[in-house]
Amino acid sequence: MFVNQFVKVFRHYFAGKHPKIKLSLLIYFQVGLLLTINLPVLAGDWQKLKIGNSQPVVALGLDAPQLANSQGGLLIEQGKTLYDAGRFAEAVQVLQQAIQAYQQQGDSLKLAATLSNLCLAYQQMGDWQAAEKAIKTSLELLQAPKNPKNLQILAQTLDIQGRLQLAMGKPEAALETWQQTAEIYQQINNPIGEVRSRINQAQAWRTQGFYRRSVQILAEVNQKLQSQPDSLEKAVGLRSLGDALMVVGNLTQSQTILQQSLTVVQGLQLPTEIAASLFSLGNNARARQQIPEAINYYQQTVAKSTSPLPKIQAQLNYLSLLIDNQKFVDTQPLIPTIQAQLNQLPVSRASIYAQINFVQSLMKLSQQQAAEGRRQDTENVFFPNPQFPIPNNQQIAQILANTIKQAQILADKRAEAYALLSLGNLYEQNQQWRDAQNLTQQGLVLAQGSNAADITYKLEWQLGRILWQQDNISGAIAAYDAAVATLNSLRSDLVAVNQDVQFNFRDSVEPVYRQSVELLLKSEITEETLDKARQRMEALQLAELDNFFREACLQGQAVPIDTIVDQDNPTTAILYPIILPERLQVIVKLPNKPLQDYSTAVNQQEVDKILGELRKNLVNPTATKALKTQAQQVYNWLLKPIESELIASGVKTLVFVPDGGLRNLPMAALYDGKQYLIEKYAIALSVGLQLLDPKPIERQQLRALTAGLTEPPPEFPNFAPLPAIKSEVNLIASAGVDITSLLDQQFTREALEKEVNTVSFNVLHLATHGQFSSRAENTFILAADGPINVIQFDTLLRSRNQNQPGAVELLVLSACQTAAGDNRAALGLAGVAVRAGARSTVASLWQIDDESTALFVGEFYRELKTRKVTKAEALQQAQLKLLRHPNYQAPSFWSAYVLIGNWL
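Given the structure is predicted, the values throughout are model-derived calculations rather than measurements. (Residues numbered from 1 in each chain as written. Predicted model: local features only at pLDDT ≥ 70, side-chain atom pairs only at ≥ 80, totals over all residues. Heavy atoms only, no water.)

## A closer look at the overall build of the protein
Phase 1 of the analysis: Looking only at helices and strands, one finds 38 helices and 15 strands in the protein.
Phase 2 of the analysis: Expressed as a percentage of the 904 residues in the protein, the buried residues total 62%.
Phase 3 of the analysis: A separation threshold of at least 6 residues defines the contact pool for the protein, and within that pool the share at least 24 residues apart is 71%. (Helix = DSSP H or I, 4+ residues; strand = E, 2+ residues; numbered from the N terminus. Buried < 20%, exposed > 50% of the residue type's maximum accessible area, 1.4 Å probe, protein only. Contact = heavy atoms within 4.5 Å.)

Structural data, given as structure tokens:
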């Protein structure tokens, strides 16, 4: 138990119920294990006052010698020192004094620059109203006749205004502002300033969902930087570009650019900048899951850092990386080293965050150590070395208590909220519920007041967990609802700005949705509750896809699936299986009937085990007996309770919105003891509860663009030749489909892009090897000149949307497979299906005999072209043709194909 004196310091009990939870929007995630802050690119925030012919010593720094003999100049210097130290409230006070001095002097240019700096300080404090007022006044002062001196100040001020607009959720306005800024920098021949503005524009485009435009701008920035002579400004620009590319998922290009930045600063012999580039390279290696490489870069950062804070930040990333990879013994000498250095840091927001992140790593280490001990795996159990003592809970509480006091001294409500979040979590882990609740509620009030939505959702989530433990179900549901709503409001920013969430999505985002659904289904079950639960699972799936692509997936005009089932296709039922810790729950929508549900008491570990074994047996043609046993078990969970009602309702098609490991499983192979499911129903999968423009395909106008590769490139020896692809393409044509074909060496990425943009087609059929993975960079299809990854494929198809009318009705990927050993690999398939813009996607979950594939494909297109059937029914008939073939009766041949999206 903790010593309660630490709680007493912060005990200000709320009267009555917990405070009303408000929603707020703040896109900048400055809290997290990696301590990386991806703000719009400013090479140092501080606005420069350029006087006379003086040149800036540091980009956006202060020209101190020119200002030292004025009162305002001394105050500006003091304000910059406070700002750089993270003491923003004090910086505001000093800047306000400087403003008074410049007002008395009548110096409008210096006054405008100071107001811009004041805006920056207010932004750090989350005070949007005051920040807007300051920047508006600054811009009004800069409307005087333009000359190079005040044009430079104007450009930098507009940079700051764009940053504020983006922070307030106004990306369109920010984009317009930064476009104006770039024009000014170009006018005054400041190429580095222009580069900064262009990188900021790319962020604004990405925030609006225009990924292709964002990547195009970053490519142009790279070209401009390559033409510049080596300088500090070029190195900073390259590093900013590398970090931006890392955020959008272009990890290989990011690595190249960051390495160039390192080479430049090494040539200039700038130790601080060398450390900064090494740190970014470490984060890049971590994102690529190259753990030894990341550790090496972090260690080099520590060795090269000349100031304590960057050194500690690298050590903290190193520590978290060791913990995540369960290298517990290696953490022991590192922990006391970090703690000793933290104690030497001056008080600032950055030092407070560093202490909190240190504590979070210690808490995670303690949790993982306990989990290892419960498993009784003596090889992996962590036995602390007495030579390197690790802080206990009481000492951790003392560290957090000190950070709260420090934040109060700085009047930094955001940092205080973050510290209260962590201290509340510590008491939550110790099951001191009342103290945990009070600390969490105090932090929530502060976070909401500071527009710190990234901290707010975590506090709301924490409050929900604490109330749940105290059996306050209604209060817990309200808190979880608020957390989900805050996450949804952050949707695009969550994935495009904060790299930390990329590394920790499964720890810090996914559980919010899953726990909230579990809580809802433990409350009184009504149709409203069931609808809310399935909508929340859909929100989770969309969040997973956002995280997969590192940007929010575009949404068009969609029609609810329920409407289609009730009105347009009343022979379809929708099933939403949800895997909960202690049971498997299924929500069902039958035509023109209210939602209903049923559940099976089986824990998640057992479900995952059965699904994993079934998935392995499905690809083994000789494992039919074991397969049927497992497939019947899953059938009993998902369909047995509703079997009679499906028959009574005249259902012919089942649409599954699968969860977890069910996404890797073809539902066609489920077995009722006599028949496979595909023998009774047509089957489709859906990512969510809506379909974009749901309507049947125009059968008389099937036009296919086909691309096939019989021999994979030499650098991919693990992929077998596919000689039957020529037969596959011929069978498509013989079914009456008009085709344009690229075969073998004709099928390059460039050739495919050209055909996509010039040929009229509504079906895209790719007969080539491909792989689906839970990571976008490992999800690809093979062309003759190498892999086309899912992001490149997405960009390629989006270019068609701009140049060719009409949607891609159907995307077929006939020779793909999910990545071995990746139990979330179907996420890649869902990602391809959603982002390709195709209304329907047919794909294989594993590699199959290419002769059976040709037979399947020919039958599928023949059904689609000549019979009045839905795409799901055409798929069913093609699968049944294989099942009834003497050579292809095993499910490994026919069940691999799945239909995602519009089944009509």
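Still more ground to cover, so stick around.
## Looking at the packing of helix α23 (residues 473-489) against helix α26 (residues 510-522)
Phase 1 of the analysis: For the pair α23 and α26, interaxial distance at closest approach is 10 Å and the crossing angle is 145 degrees. At the point where α23 passes α26, the crossing takes the left-handed sense. Facing I473, A476, I477, Y480, A483, V484, L487 and N488 of α23, the residues of α26 in contact are V512, Y513, Q515, S516, L519 and L520.
Phase 2 of the analysis: For the contact of α23 with α26, a count of residues per class yields 11 nonpolar, three polar and no charged. (Axes fitted to C-alpha atoms, helices over the stretch in contact; angles between N-to-C directions. Left-handed = near helix turned anticlockwise from the far one by under 90°. Nonpolar A, V, L, I, M, F, W, Y, C, P; charged D, E, K, R; others polar.)

## Description of helix α4 (residues 88-105)
Owing to its 3.6 residues per turn, the α-helix brings residues three or four apart onto one side.
Phase 1 of the analysis: With 18 residues, α4 should reach 26 Å at 1.5 Å per residue; the first-to-last C-alpha distance of 25 Å fits that figure.
Phase 2 of the analysis: Along α4, the positions that sit buried rather than exposed are F88, A89, A91, V92, V94, L95, A98, I99, A101 and Y102.
Phase 3 of the analysis: Immediately downstream of α4, the backbone of G106 shows phi near 70 degrees, a positive value. (Expected span 1.5 Å × (residues − 1).)

## Brief notes about the side chain of E510
Phase 1 of the analysis: Within the element layout of this structure, E510 appears in helix α26.
Phase 2 of the analysis: Classification of E510 as buried rests on a relative accessible area of 8%.

## Quick look at the confidence of the model for the protein
Phase 1 of the analysis: Summing up the model confidence of the protein, the mean pLDDT is 83 and the portion of residues at 70 or higher is 84%.
Phase 2 of the analysis: Ranking the elements of the protein by mean pLDDT puts helix α1 (residues 5-10) last, at 34, and helix α37 (residues 871-883) first, at 97.
Phase 3 of the analysis: When the criterion is pLDDT under 50, residues 1-69 qualifies, and its contacts beyond four places in sequence or with other chains add up to 231 contacts.
Phase 4 of the analysis: The model gives residues 376-382 a pLDDT under 50, and that stretch makes 13 contacts with residues more than four places away or in other chains. (pLDDT = per-residue confidence, 0-100.)

## Topic: the nonpolar core
Phase 1 of the analysis: Among the nonpolar cores identified, the biggest contains 240 residues, and V634, L638, L639, L654, F656 and W903 are the most heavily contacted of them.
Phase 2 of the analysis: Counting 39 residues, the second largest nonpolar core, distinct from the first, contains A112, C119, A121 and W128. (Core = buried A, V, L, I, M, F, W, Y, C linked by side-chain atoms within 4.5 Å.)

## Some remarks on the pattern of salt bridges
Phase 1 of the analysis: Summed over all chains, the structure comprises 30 salt bridges.
Phase 2 of the analysis: Residues K234 and D230 are paired through a salt bridge, measuring 3.3 Å at the closest nitrogen-oxygen approach.
Phase 3 of the analysis: Residue R663 is joined to E544 by a salt bridge in which the shortest nitrogen-to-oxygen separation is 2.9 Å. With R663 in the loop between β5 (653-656) and β6 (682-685) and E544 in helix α27 (residues 527-549), this pair connects stretches of sequence that are 119 residues apart.
Phase 4 of the analysis: Look at the salt bridges and you will find they share partners, linking K640, E643, D672 and K680 into a network. (Salt bridge = Lys/Arg side-chain N within 4 Å of Asp/Glu carboxyl O.)

## Comments concerning the packing of helix α13 (residues 271-287) against helix α15 (residues 308-324)
Packed helices, taken two at a time, are described by the angle between their axes plus the distance between the axes.
Phase 1 of the analysis: At their nearest, the axes of α13 and α15 sit 11 Å apart, and the two run at 15 degrees to each other. In this view, α13 runs roughly parallel relative to α15, as classed from their interaxial angle. Read as a crossing pair, α13 and α15 show a hand that is left-handed. Counting all contacts with α13, which are made through F279, N283 and R286, the residues of α15 involved are Q313, A314, N317, S320, L321 and D324.
Phase 2 of the analysis: Considered class by class, the residues forming the contact of α13 with α15 number three nonpolar, four polar and two charged. (Parallel < 35°, antiparallel > 145°, perpendicular 65-115°, else oblique.)

## What about the pairing of strand β2 (residues 572-579)?
Put simply, side chains in a regular strand alternate between the two faces of the sheet.
Phase 1 of the analysis: Across the eight residues that make up β2, a large majority, eight, are buried.
Phase 2 of the analysis: Note: β2 against β5, four bridges, orientation parallel. Within the sheet, the bridge partner assigned to L575 lies in β5 and is F656.
Phase 3 of the analysis: Sheet topology places β2 next to strand β3 (residues 584-589); six bridges connect them, and they run antiparallel. Counterpart to P577 in the pairing with β3 is V586.
Phase 4 of the analysis: Between the end of β2 and the start of β3, which pair antiparallel, lie four residues. (Pairing = 2+ DSSP bridges.)

## Things to note about the packing of aromatic side chains
Phase 1 of the analysis: Inspection of every chain in the model, using the stated rule, returns 13 aromatic pairs.
Phase 2 of the analysis: Relative to Y676, the ring of Y671 lies with its centre 5.1 Å away and its plane at 55 degrees, an arrangement referred to as tilted. For the pair Y671 and Y676, a shared accessibility class is recorded, and that class is buried.
Phase 3 of the analysis: An aromatic cluster of at least three residues, connected via ring pairs, comprises F856, F860, Y861 and Y897. (Phe/Tyr/Trp six-rings, centres within 6.5 Å; stacked < 30°, edge-to-face > 60°.)

## What to know about helix α6 (residues 128-141)
Phase 1 of the analysis: Over its 14 residues, α6 extends 20 Å from the first C-alpha to the last, a length consistent with the 20 Å expected when each residue adds 1.5 Å.
Phase 2 of the analysis: Of all the positions in α6, only W128, A130, A131, A134, I135, S138 and L139 are classed as buried. With its buried residues spanning 165 degrees around the axis, α6 presents them on a single face. Exposed positions of α6 whose direction lies more than 90 degrees from the buried face are Q129, K133 and K136. (Arc of directions from axis to C-beta.)

## A word on the environment of D127
Phase 1 of the analysis: Residue position: D127 is located in the loop between α5 (108-125) and α6.
Phase 2 of the analysis: Once the C-alpha coordinates of D127 and N451 are considered, the two residues, 324 residues apart in sequence, prove to be 7.7 Å apart.
Phase 3 of the analysis: Reaching out from D127, the side chain makes a polar contact with the backbone nitrogen of A130 at a distance of 3.2 Å. (Polar contact = N/O pair within 3.5 Å; in protein donor to acceptor, adjacent residues only side chain to side chain.)

## Here's the deal with unusual backbone geometry
Phase 1 of the analysis: Positive phi, normally seen in glycine, also occurs at N189, with a value near 60 degrees.
Phase 2 of the analysis: On the secondary structure map, N189 appears in the loop between α8 (171-187) and α9 (191-207).
Phase 3 of the analysis: Backbone geometry places D471, a non-glycine residue, at a positive phi of 65 degrees.
Phase 4 of the analysis: Position of D471 among the secondary structure elements: in the loop between α22 (453-469) and α23.

## Description of the environment of T779
Phase 1 of the analysis: If you trace the backbone, T779 turns up in the loop between β10 (763-772) and β11 (780-783).
Phase 2 of the analysis: A residue is classified by how much of its surface remains accessible, and T779, at 2% relative accessible area, is buried.
Phase 3 of the analysis: When the C-alpha atoms of T779 and G831 are compared, they prove to be 9.2 Å apart, with 52 residues separating the residues in sequence.
Phase 4 of the analysis: Beyond its immediate stretch of four places on either side in the chain, T779 contacts F548, Q771, F772, S773, I788, N789, V790, G828 and V832.

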